[in-house]
Structures are given as C-alpha cells and as structure tokens.
Amino acid sequence: MLKKKIVAVLCAAAMVIGFTGCTDMSKIMTVEGEELNAGVYIFNMLSEYTVQAYYASYFSSDDSDTDFLDQEYDDGVTYSEYFLDSAMEQTLRGVAADKLFKDAGLELSDEDKEEIADSVEQAMEGYGEDYLSAQGISEESVEICYTYDKEMDLLFDYYYAEGGTEEVTDEDIQTYLGENYLRYKMISISRAPESTEDEEATDEEIEAAEEEAKALADKYLELAEEGGADGFDDVIAQYEEETAEEDTDDDSTDEEEEEDDTEIDTTAEYTVTFVDGDGEEYDEDSDYPPITVNGGDTITKPETDPEKTYYLFDGWYADSYGSTEFDFDEPITADTTVYACFSTNEVLTTYDEDSASDIQTTINEMEITGTPVLESDDDYYYIILKLDPSEREDYMSGGTNHDSIITTMKTDEFNERLDDTADSMDIDANDKAVDKYTPEKIEEIAEEYSE
C-alpha cells in the first residue's frame, strides 16, 4: 500500500512538472498542441455501443453463446474491433470538422448553442450522470461531442446546401437520381398453384394455375394500357380488390365489451390536432385546423381527404404508424392527435447490379415509355410501369426529400474531406489511453449498472 501511495504522489508531481513517465489517461490525444478529453473518445464509443447492442438484442441472428463483442459485425470484423475503429474515426472527424468550421469563419448561433445544451442535458439525464462518470465521461466531454456534431451539420450545409460553396443544384440531383435509382409501379401475379401442406401440385394443377395467371395478366395489362400512367393506381386497387383473400375467420365474440365507467369531465376543454403525412401539424389556415372541444364531445370527420404528392391517402389514424383507425364517434377525453396516413404503389430504390433482383435488372434495362408492359419469370407475371426518377419533384429544392438526397449524394465525399483534414493535422494519440478505454470496459460497466 505504501508503494502505491508513493507512485501516486510521484505521478501527480510528474504531471505538474511535465515529467512523462506516468501518462495522463484523462486525455485521448493532443490536437495541434491542445489536449482532448478521453471522454470524447469514450462517449463516441459508448454511443455506438448503445445503438448496436440494442439492435443486436432484437434483430441478431446469432443464436450462439458467443459474447456480443466477439460476434461478427461485418465481413470478418467483430463488434469490439468495429467499436474501436468507429470511436477513433468519429473523434478524428470531430476535430477535423472543428478546424474546418473555424477556418471557414463559421460561428455557432445562440440557437445552435441552445440546441447543443438541450442535447447534453438529455444525454446526461438519459444515461445518468453517475453512469457516464463511471465510464470516464464528463459533461464537458459530452458537450464537445455534440458541438462537433453541430459543426459537422453546419459545415455540410456550408459546402452543399443552397448557396453553399459547392451547392448541389436540382440539375445535379436529377442526374444523380437518373443514374442511380429505379422508379416504377408494378402488379405481381403468381404463376404457381395454391400450395398445400400435404401434397405437391399435380401437372394439371400447375397448368391450370398458369392459364389462370396468364389470363389475369392479360386482363390487367389491357386495363393498365387503357388507363395509362395516370390510371395505374386505380388498376392496382382493382386487382388487389379482386384477388384479396376472403377472411374466413369468425371474429365475432359472444363476450360483451366492458363499459368504461370513467366519469367524463364535460367542463374540461381539449384540443384535437391533425398531423400530416410528414409529421407536421396542420395549421389554423389549413382544411384541418386544430379543434377545441369539451370533454365527452365527438368531432366530425373532415369532409375532404388530404393529399400528398406520389402517395395515396389511407385514412385518419390514432397513431402515426397507421395501425389503429381513429374513431370519430369516440368521445374526446384528453388532448388528442389525429394522423393522416398515406401509402404508395410507387417504388423508388437505388439500383446496384450486384445486389439487384432479376426483375429489377429487367426494369433497369427497360425504356421509359409511360406505357405499362408485361414481363415474366418462372414464378410471376409482372405488369410494370417504369417511371423517370429524375422527375420526382419532392427531391428538388423546397421538396420534403431534398435534404435527404443531398445527404445521400455527398456524405461519402464529406467524410473523405474530414479524413483528409485529420491526416494533415498535428494529432498525437495517447496510445496508453486508447488501449485502456475499450468496448470490453464499456460492457463491463454497462452490465454493472444494469444489475
């Protein structure tokens, strides 16, 4: 014990006078001569660990007893190796973004700083201050991480957004969509006979199913040709209605529903808010303004259906996922949100010849004519309307998908710029600290706090 105390005193003294025999493990690296908290590196690792551990717990296909960190993340790389690489990569990109941000003369606005402060507060409350401290993460380190994130966002816009130094124009987006995406609508008609659990289909059944499928394909191709591009959604709806399986299950029940005995406060006032397909509340000047009602009152279903370009209105729902239809006959007993839910028959997807399905390869080779065509493979007949992806206006300036497509187009280029900047900077990693702060240590502490 005495020797440990002496060593500790010597280390403390050494740090004061600059002696390097004992490494300061609280710093992960020096950046242009400035020390960076190890907590920044650890928080980057912890954040990714938390996300990946969550998904692995629900979606992992690994049924073995292999520890999570030893499982394969991707292409022979374990989760442990990935977390180490990811934490260092994110840390280096953060310091690079900070340099580029300042070199460009950019500054954080009061609103930006408030957003960062809110994110820090949420992280400290979400993880718990004691838990973060046990991991070696201070509030200052969390703030640095979120500051780097905000600087990255602003720097990205400084380069690529409207008015940016390397602005991505609508013409650039049209070219990108045309070269990398497929856009189409399709009816798929199975050529196989209805399967049975006990017996294989006979030749006669296979032949009959083929004839029925071909007749159906010819019928709906003709309808699609008559309706043209504008009427293709109606043809799809007609096909789905004709081929829908009848629900033979008896959902009726002899049990009486329990009556809700909760007393309704009819003097209370509640607000019913309508939300559009993009998650935004309809305002007072729209066809679906907020409504104030007394407790126990019902509201009237809007007379007109909302519209969303390239989408079909499915109805008003009690949740944003469209799983429960909103009951307009149900009394209002609390502030309530009603969601407009939409679906689409249109497929807009990236095309990669190495991973594309056979039918997508076929569609890629088709000409865009505006006329439905009939294609087939061994299993299906397909009635396909190929569309031009570059005509999607929602990806152009002012559209709801404009920011997301620019992110898709430019993220790799942006990250490469950050990586090149980090490589050019005077950065000296504290190898002993890097070796100390591992995913295994994070997992150990996480398990302690979960008990």
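Residues numbered from 1 in each chain as written. Predicted model: local features only at pLDDT ≥ 70, side-chain atom pairs only at ≥ 80, totals over all residues. Heavy atoms only, no water.

Turning next to the overall build of the protein. What the protein contains, in helices and strands, is 13 helices and 13 strands. The buried share among the 451 residues of the protein stands at 35%. Pairs at least 24 apart in sequence give 69% of the contacts found in the protein among residues at least 6 apart. (Helix = DSSP H or I, 4+ residues; strand = E, 2+ residues; numbered from the N terminus. Buried < 20%, exposed > 50% of the residue type's maximum accessible area, 1.4 Å probe, protein only. Contact = heavy atoms within 4.5 Å.)

This paragraph deals with unusual backbone geometry. One non-glycine residue, glutamate 32, lies in positive phi territory at about 50°. Position of glutamate 32 relative to the elements: it lies in the loop between strand 1 (27-31) and strand 2 (34-37). Residue classification places glutamate 32 among the partly exposed residues on the basis of a relative accessible area of 42%. In the Ramachandran plot, tyrosine 310 falls in the positive-phi region, its phi being about 75° despite a non-glycine side chain. Tracing the sequence through the fold places tyrosine 310 in the loop between strand 7 (291-294) and strand 8 (312-317).

Strand order in this open sheet of 4 strands is 10-5-12-11, and the pairing throughout is antiparallel. Each edge of the open sheet is held by one strand with a lone partner, namely strand 10 (347-350) and strand 11 (373-376). For this sheet, the mean inter-axis angle between neighbouring strands, taken without regard to orientation, is 45°. Where strand 5 (residues 181-190) meets strand 12 (residues 380-387), 8 bridges bridge the pair, whose relative direction is antiparallel. (Pairing = 2+ DSSP bridges. Axes fitted to C-alpha atoms, helices over the stretch in contact; angles between N-to-C directions.)

A cluster of nonpolar residues, Val51, Tyr54, Tyr55, Tyr58 and Phe59, forms a patch on the protein surface that exposes about 600 Å² of accessible area. You can see tyrosine 54 is positioned in helix 2 (residues 38-59). (Patch = residues over 30% accessible without salt bridge, like charges linked within 9 Å, V, L, I, M, F, W, Y side chains within 5 Å. Areas by Shrake-Rupley, 256 points an atom, 1.4 Å probe, with all protein chains shown as cover. Salt bridge = Lys/Arg side-chain N within 4 Å of Asp/Glu carboxyl O.)

Below, the discussion takes up the sheet that holds strand 9 (residues 336-343). Strand order across the open sheet formed by 4 strands is 7-6-9-8, with mixed pairing between neighbours. One side of each edge strand has no neighbouring strand; the edge strands of this open sheet are strand 7 and strand 8. Taking the axes of each pair of neighbouring strands and ignoring which way they run, one obtains an average angle of 25° across the sheet. In this sheet, strand 9 lies alongside strand 6 (residues 269-275) in parallel orientation, the contact comprising 4 bridges. Within strand 9, the position partnered with phenylalanine 274 by the bridge is valine 338.

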